[in-house]
Amino acid sequence: MRSLSPGVPLEPKLPRSALPFPTPHPNPSIPPHATHEPPFSIPPFFTTDPLMFWLFNVVVASFAVIPGAASATSIAAGVIYGTPVGVALVSTSCAVGAGVSFLIARYAARPLVERVFIKEGSRFAVLDQAVMRDGAQIVLLARLSPVSPYVAMSFMFGLTAVDFLPYIGASA
């Protein structure tokens, strides 16, 4: 092997996994099954197609009630696609997901809430009027709170009288 100085080869050393034949582990005290491979792998359609990731994140932002699911996909978008593309994917898909869960709650459950809970002078009626009057501010403050779950708040705001456009503007 040629070298410029003694002990420094010109050719790069290939990793053991790139060799077409098995080689013994350089440190025999490490068991062969102990590798430095990650315990999971990213599905290939996420890394090759940002649209698939965007659609997946819309579903997560619409229905995932698991705490931290939206945070995990946000971090994954930045790691997989880089910061600018990841921010664009997450911000648009979370806004669409918030709109989907809001509309589901508004048209599937709001009529029941109006019949059961909204009575003249009740606490929910007062809350409903406050959210209708100052909807964008209340939504923005709830979105900025680190303790309010994203998807649950989307459904909850769908049950109130906040208008859709101020809701989406404050959620995006």
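In every chain, residue numbers begin from 1 and rise along the written sequence. Reporting of local features is limited, given that this is a predicted model, to residues whose pLDDT is at least 70; pairs of side-chain atoms are given and counted only at 80 or more, and all residues count toward the totals for whole chains, interfaces and linings. Water and hydrogen atoms play no part in the side-chain values, which are based on all heavy atoms of the structure.

**A few points about the overall build of the protein chain**
Move 1: The helix and strand tally for the protein chain stands at nine helices and two strands.
Move 2: When its helices and strands are written in sequence order, the protein chain yields β-β-α-α-α-α-α-α-α-α-α.
Move 3: Burial here depends on accessible area, computed with a 1.4 Å probe over protein chains only, as a share of the maximum for the residue type. Under 20% is buried, over 50% is exposed, and the range in between is partly exposed. Taken over 172 residues, the protein chain has a buried fraction of 26%.
Move 4: Within the protein chain, residue pairs in contact and separated by at least 24 positions form 65% of the contacts whose partners lie at least 6 positions apart. Under the DSSP-based scheme used, a helix requires at least four consecutive residues in state H or I and a strand at least two consecutive residues in state E, with every element numbered from the N terminus. Only heavy atoms matter for contacts: two residues are in contact if any of them lie within 4.5 Å across the pair.

**Points about the packing of helix H2 (residues 50-63) against helix H3 (residues 69-81)**
Move 1: Lines are fitted to the C-alpha atoms to define the axes, a helix being fitted only along its stretch in contact, and any angle between axes, read from their N-to-C directions, falls within 0 to 180 degrees. In contact at an axis separation of 10 Å, H2 and H3 are set at 170 degrees when each is read in the N-to-C sense. As the angle between them shows, H2 and H3 are arranged roughly antiparallel. Crossing handedness for the pair H2 and H3: left-handed. Across from Pro50, Phe53, Phe56, Asn57 and Val60 in H2, the residues of H3 making contact are Ala69, Ala70, Thr73, Ala76, Ala77, Ile80 and Tyr81.
Move 2: Grouping the constituent residues of the contact of H2 with H3 by class yields ten nonpolar, two polar and no charged. Orientation is classified from the angle alone, with under 35 degrees giving roughly parallel, over 145 giving roughly antiparallel, 65 to 115 giving roughly perpendicular, and any other angle giving oblique. Definitions for this section: a left-handed crossing has its near helix turned counterclockwise from the far helix by less than a right angle. A right-handed crossing has that turn clockwise. Polarity classes work like this: nonpolar for Ala, Val, Leu, Ile, Met, Phe, Trp, Tyr, Cys and Pro, charged for Asp, Glu, Lys and Arg, and polar for all others, with Gly in that last group.

These figures capture arrangement, not role.
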